[in-house]
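# Coordinates in review
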Amino acid sequence: MENDSTFVAPEGVYSVTDEHKPNHQQNLAVSVGPALFPSKVSTIILRFPAAKQGGAPGFAQLLGGGKSEPKKDKAEKVIKDRDDGVSLSSSDTPDESEQPPPSQEPASASQSHEQHTLFSHPPAAGKKKAMARPKHNIRTTSSTFITRIQTAEGLTKTLQSKQGDVTFLFYNFAKSFVWIEAGSKAKVCALNPSKLISGLMASSFSIKEPLSRITFSAYPTCHDVNISTATPDHLDVIIGFNTGDLVWLDPINSRYGRLNKQGSISGSPCTAVRWVPSSATLFLVSHADGTIIVYDKEREDGTFTPQDPNTPSPNDANGFLSPNTEGTSQEWDPLDNMFVTMPPWHPATATGGGISTAGKSDKEKAARNPVSHWRLSRQSVVADFVFSPDVKYVAAISEDGCLRVIDALAEQLVDCYASYFGALTCVAWSPDGRFILTGGQDDLLTIFSPWEQRVIARCQGHSSFVSSVAFDELRCDGRTYRFGSVAEDNKLILWDFSSGALHRPKLQATHHQRMSMSSTISLAFRRDRSVQYLPSINSPGLDEATSPRYHPAPSRNEIAFVQPVLIKQLDCDLLTVVQFHPRSILTATKGAQIKLWIRPLALRPRTLRARTQVDAQDLIPNRAGTLSP
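Description of the structure in this document. The shown structure was predicted, so the numbers you read here are calculated from the model rather than taken from an experiment.

It is worth spelling out the nonpolar core at this point. Core analysis: the biggest nonpolar cluster contains 27 residues, and Phe-168, Phe-170, Phe-216 and Leu-249 have the highest contact counts within it. Sorting the residues of this core by element identifies strand S3 (41-48), helix H5 (155-160), strand S6 (164-173), strand S7 (176-181), strand S10 (212-216), strand S12 (237-241) and strand S13 (246-250) as the ones contributing at least two each. In this structure, Phe-168 is in contact with Ser-42, Thr-43, Ile-44, Leu-46, Phe-48, Leu-159, Trp-179, Ile-180, Glu-181 and Leu-211, ignoring residues within four places of it in sequence. Listed in part, the 24 residues of the second largest apolar core include Met-338, Ala-348, Trp-374 and Leu-413.

The next point concerns the pattern of salt bridges. Applying the stated criterion across every chain yields a total of 17 salt bridges. With a closest N to O distance of 2.8 Å, Arg-47 and Asp-165 form a salt bridge. Within this pair, whereas Arg-47 is found in strand S3, its partner Asp-165 is found in strand S6, the two being separated by 118 residues in sequence. With relative accessibility at 32%, the residue Arg-47 sits in the partly exposed group. Measuring nitrogen to oxygen at the nearest pair gives 2.8 Å for the salt bridge that ties Arg-258 to Asp-245. With Arg-258 in strand S14 (residues 255-259) and Asp-245 in the loop between S12 and S13, the pair connects residues that are 13 residues apart, well separated along the chain. Look at Arg-258 and you get partly exposed, because its relative accessible area is 22%. Because the salt bridges share partners, they merge into one network encompassing Glu-11, Arg-482 and Asp-496.

Within the element layout of this structure, Asn-369 appears in the loop between helix H7 (362-365) and strand S19 (372-375). Judged by relative accessible area, Asn-369 falls into the buried class, the value being 0%. When the C-alpha positions of Asn-369 and Asn-260 are compared, they lie 8.1 Å apart, and in sequence the two are 109 residues distant. Each residue touching Asn-369, except ones within four places of it in the same chain, is listed here: Leu-259, Ile-265, Val-294, Tyr-295, Asp-296, Arg-299, Glu-300, Asp-301, Gly-302 and Trp-345. Polar side-chain contacts of Asn-369 include one of 2.8 Å to the backbone nitrogen of Asp-296. In terms of polar contacts, Asn-369 uses its side chain to reach the backbone carbonyl oxygen of Arg-299, at 3.1 Å.

Calculation rules
Residues numbered from 1 in each chain as written. Predicted model: local features only at pLDDT ≥ 70, side-chain atom pairs only at ≥ 80, totals over all residues. Heavy atoms only, no water. Core = buried A, V, L, I, M, F, W, Y, C linked by side-chain atoms within 4.5 Å. Buried < 20%, exposed > 50% of the residue type's maximum accessible area, 1.4 Å probe, protein only. Helix = DSSP H or I, 4+ residues; strand = E, 2+ residues; numbered from the N terminus. Contact = heavy atoms within 4.5 Å. Salt bridge = Lys/Arg side-chain N within 4 Å of Asp/Glu carboxyl O. Polar contact = N/O pair within 3.5 Å; in protein donor to acceptor, adjacent residues only side chain to side chain.

Okay, structure coming up:
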C-alpha cells in the first residue's frame, strides 16, 4: 500500500496532497544564485472573513482588526499589555484552534516586576501610539539590497476573494524569499523575457505560481511569521541573512524595513529568528558567533559594541553591563554562565538597574536596538533556539554540543546539558513544557526533562545527522507524546514517547537521584512564579556545590531508548524540515521541495496546554526519582 506519496502509521494512512518544487527556469531567470544555505519553511494559517457580513467573526475581528476605531484601540491595548509582560510570562503560543490562556500570576506580582523584565516596555507618554508598519515600499525601493520583486498577477484581488482558513508558506531558496499558498492549483504562466532577462526565450509550463518572490543581494538563512499580529490584511515577517542583516517584511502590503543594517550591531550570519510569542514587536535572533540578540521591530539601530567577557569593564563609557558575571577577576565559563551586555536603554538599566542616565541627552536615552545581547559561547555557532510554552524560558543549542536552558526574563543561564557526541542541530519544546527534544550529529534524538534536570531517554533510528524535530500537538496528551524527525539519511521517523512504557536500561543512573530543590536555580522553583521570588544564590538551605549548571552526558547504559513507530524512506534531496499542522505533516528539503502529507483523521487538540498551569511542587521528583502523579 505504501509508495512515494503515502505511508501507513498506527493511526492510519498519510498521503501527499500538495507538493511544491522550485521552478529552476525562473530561478535561473532571476539569478538567485546557488543554494548555499538550506531552505527553511515558515507557516501561518489565516482565517479570512466570509463574503457576507453577519456570520461568524473573521480572524481579523478576533484580533481586534475591525473597522471601528474603539475596537482597534482595544486591540492595541491588548497588544501593549502583552508587550509589558502582563500576560507574556504565562501565556502560550496562540494558534488557530485556541485562545492563549489568561495569566495565572497575581496582578500585583506582574506589576511589581514588569519594569525590570526584558520583555517590558517603558510606558509611552502622551497619545497612544498606533501600531507601526514597515517604512519602505518594496515595489518602488531604490535599495541595492533588494534586487528584484515579483508578485502574482491580481494578488490584491486574489487575497480579497479568500474565505475561511488559508495556509500560507514562506521559504528561502538561494537568494530568494518565496511566498506561496498551500493547496493552490497549478497555473499555466509564461516567462516574459522583457520582465526577467533579455534574450531568454519565452516558454509555457504548468507550475504553482508563487504569490510573491523577492530576490536579495544576500542569502536569506532564516525567517519567522508573527502569529499574534497576523490578520488577512497584514503580516509581520522577519528575515535573517548571512550578512547579519534583518528585514521586517509585510508581504501583503509590499512594505519592508531594515534592522542591523549592514551588520551595524552584528555582522555574523543569522542562524535562527523567533518572534517572542504574544509580542507584537520583540523577536530574538541567534548568530553564528555564539550570540543571541533581542530586537524590537519598531526601533532604529543604535550605536552598540558588545562587551568582551574577559575584559574587565564593569561600567565602561557606554554604560554596558553584564549582570551574570560576578566580578571580573574570574574567567568567564560559557558552560556555567552566559554573558549579557545591557545597552543603556535596556529595561533594567532604564529603571535604575545599575547604569545612570544622568547627564545624557534625550537622543542618547532613546530606546534603540538591540534590546539586549546574550553571549552563550565564545565562538560556537548557536544553531537554533525555541521558547517554552509559557514564554519564560529559551532552549538554545549550539555546535559545542550543548543544550542551554535560559531564563529569558532574568537573562540567566539555568542549566547546560552536553550531547552524547558532536554538535546539536535542532530543538523542540513539548506543548506542556515538560520535555525538551534535541537532534544532533550523534544521529540520536534526546529527550530532556528540565524540571528533573536529567536526560529521560534517547531515540535511535537515524543513520545520519538529524536536521529537524517537532512535536505533534494533536497527538500529545500529557501521558503519550508523538514527535517526528528528519535527517540527512532522508528518513521521516515518527516516535511515541511514554515515560511509563520506557524500556529500562540495565544500569540506573545515580546522578539524577538528587532532589531538584537543591539547585540554586532549579526550574522546579521557578515554574509559575515571578522572577522576584526566585531563590538567590545566598538563600539559606541551598547548597550550590551540589547542583552545578553543567550536566555531562550520561552513558548509553544509564538511559532508556525509544523505538520508532514508523520509518519512511523518502527519495528526495536532503531533508531539512518537519512540521506538524492541524490537517497535515509538512516535510521540506534543502532545495525547497515541500510536501504536505494529509492526516488520516481530523483530530481535535488534546487540551495539553492547560497542563502548563500547574504548581511547582507537582514537578519536583519524589524520593523514587519520578514525578508526582
